[in-house]
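Each chain, written out:
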Amino acid sequence: MGSQEKKRFIAANWKMHSKPSEALALAFELTDGLEDTNTEVVICAPFTHLDRLNSLKSKGIILGAQNCHFADKGAYTGEISATMLSDLGCQYVIIGHSERRNLDTAESIPLRIEQAIAAGLKVIFCCGEPLHYRKVHQEWEFVLSQLNHDFDKIEASHFPKIVIAYEPIWAIGTGLTASPQQAQEMHKNIRKWAENKFGILDAMQLRILYGGSVKASNSMELAAMHDIDGVLVGGASLIPIEFRGIIRAFS
Ligand code: PEP
């Protein structure tokens, strides 16, 4: 990213919702009238929808996926490689979402990041603590251990291709949100960690997203925080009036 302008970043995570036949109309409705906002809007759709969403580019919307495999190709029945996603027009892929971390091994996360970057994709990397760690004030220690583990072998030249999403697990899909101050505190720690590991320029350019029950009604106060550069949105990314309100809050 270097000296490029750091645009605010709104990512939709549709998870396993909607049908391929409805996808394009939904994507257009979600962003209707907002094409000229100075934000980067990414829709991370299920694999089955991606081909049908290829024309989003013409509206300035970026296509993303929700996971990729840790190998480039091979005998992995039912899996999807980063190269396949790139060939379908994806620019981003989510790696390490807490709903995937329950299914994947921790060892596979750095490999998935490397595969994504090798295929020319950028990564929305997710981290965040379970409720227990927040209750005992160990939330930063938990997130730090994820960052240190998952970025241990990542080449410094790859770091500008990564967006980090802080998603406290207790706030995902629960209606609970971290307060803007709790999110800001964590984002500041993540930026400091990035500065120590990759240097001040990359840390300043890094987009750090908050995720966890973001809605139009709470996005203004999140957007006002210094280190919150955007949001990763699950449930509200399927509701046009909500998603448009979130984009507006970050514009
Ligand atoms: C997510 O899936 O990344 C997420 C944050 O979900 P929700 O907005 O529904 O909490």
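Preceding block: the structure.
Within every chain, residues take consecutive numbers counted from 1 along the sequence as written. Two thresholds apply to this predicted model, a pLDDT of at least 70 for residue-level local features and 80 or more for giving and counting side-chain atom pairs, whereas whole-chain, interface and lining totals are computed over all residues. To get the side-chain values, take all heavy atoms of the structure and skip hydrogens and water.

Novice: Teacher, can you tell me more about the site of the ligand here?
Specialist: Lining the immediate surroundings of the ligand are 14 residues, of which Lys 15, Glu 167, Gly 173, Ser 213 and Gly 235 lie closest. Whenever two N or O atoms come within 3.5 Å, that pair is a polar contact, provided that in protein one can donate a hydrogen and the other can accept it, and provided that, for residues adjacent in sequence, both atoms are side-chain atoms. In this structure, an oxygen atom belonging to the ligand sits 2.9 Å away from a side-chain N or O atom of His 97. Ser 213 is positioned with one of its backbone polar atoms (N or O) 2.8 Å from an oxygen atom of the ligand. Just so you know the grouping, Ala, Val, Leu, Ile, Met, Phe, Trp, Tyr, Cys and Pro go in nonpolar, Asp, Glu, Lys and Arg go in charged, and all remaining residues, Gly too, go in polar. Classifying every residue of the shell around the ligand gives four nonpolar, eight polar and two charged. Near, as used in this document, describes a residue that has one of its heavy atoms within 4 Å of the molecule or strand being considered.

Novice: Help me understand the packing of aromatic side chains in this model?
Specialist: Each aromatic ring pair is described using two quantities: the centre-to-centre distance and the angle formed by the ring planes. For this analysis, a ring pair means two rings from Phe, Tyr or Trp (six-membered ring only for Trp) whose centres lie within 6.5 Å, classed as stacked if their planes differ by under 30 degrees, edge-to-face if by over 60, and tilted for the remaining angles. Going through the model one piece at a time under the given rule, you end up with ten aromatic pairs. Ring geometry for Phe 125 versus Phe 151: centroids 4.7 Å apart, planes at 70 degrees, classification edge-to-face. One end of the pair, Phe 125, is in strand β5 (residues 122–127); the other, Phe 151, is in the loop between α6 (139–150) and β6 (162–166), with 26 residues separating them in the sequence. We classify Phe 125 as buried; its relative accessible area is 0%. For each residue, the accessible area found with a 1.4 Å probe, counting protein chains only, is set against the maximum for its type, and the residue is called buried under 20%, exposed over 50%, and partly exposed in between. Owing to a relative accessible area of 0%, Phe 151 belongs among the buried residues under this scheme. Following the ring pairs from residue to residue traces out a cluster consisting of Phe 125, Phe 151, Phe 159, Trp 193 and Phe 198. Secondary structure counts use DSSP, requiring at least four H or I residues in a row for a helix and at least two E residues in a row for a strand, with both numbered from the N terminus.

Novice: How should I be thinking about the environment of Asp 229 in this particular structure?
Specialist: Positionally, Asp 229 belongs in the loop between α9 (216–223) and β8 (230–233). What makes Asp 229 buried here is its relative accessible area of 6%. Sequence spacing of Asp 229 and Lys 215 is 14 residues, and the spatial spacing of their C-alpha atoms is 16 Å. Here, two residues are considered to be in contact whenever any of their heavy atoms come within 4.5 Å of each other. If near-sequence neighbours (up to four positions away) are discounted, Asp 229 is found in contact with Lys 6, Arg 8, Phe 9, Arg 191, Leu 206, Arg 207, Ile 208, Leu 209 and Phe 250. A distance of 2.7 Å separates a polar atom in the side chain of Asp 229 from a polar atom in the side chain of Arg 191.

Novice: Is there a simple way to explain the pattern of salt bridges in this structure?
Specialist: Take a side-chain nitrogen of Lys or Arg and a carboxyl oxygen of Asp or Glu: if they are within 4 Å of each other, that pair is a salt bridge. Taken as a whole, this structure holds twelve salt bridges when the rule is applied. In this structure, the salt-bridge partner of Lys 6 is Asp 229, at a minimum N-O distance of 3.4 Å. You can see Lys 6 sitting in the segment before β1 (8–13) and its partner Asp 229 sitting in the loop between α9 and β8, a full 223 residues away along the chain. In this structure, a network of salt bridges that share partners links the residues Lys 6, Arg 191, Asp 227 and Asp 229.

Novice: Explanation requested: the environment of Gln 91 in the structure shown.
Specialist: By the secondary structure assignment, Gln 91 is in the loop between α2 (82–87) and β4 (92–95). For Gln 91 and Ile 169, which are 78 residues apart along the polypeptide, the C-alpha to C-alpha distance reads 25 Å. Excluding its chain neighbours within four sequence positions, the residues that come into contact with Gln 91 are Ile 62, Leu 63, Leu 121 and Lys 122.

Novice: Please clarify how the side chain of Asp 227 should be interpreted in this entry.
Specialist: Assignment of secondary structure puts Asp 227 in the loop between α9 and β8. The buried category is assigned to Asp 227, whose relative accessible area is 6%. One polar contact links Asp 227 to Arg 191, side chain to side chain, over a distance of 2.6 Å. Setting aside its immediate chain neighbours within four residues, Asp 227 contacts Gln 184, His 187, Lys 188, Arg 191 and Ile 208.

Novice: Is there a simple way to explain the side chain of Gln 115 in this structure?
Specialist: Note on placement: Gln 115 falls in helix α4 (residues 108–118). The class for Gln 115 is buried, based on a relative accessible area of 19%. If near-sequence neighbours (up to four positions away) are discounted, Gln 115 is found in contact with His 69, Phe 70, Ala 71, Asp 72 and Ala 82.

These values are about where atoms sit, not about what they do.
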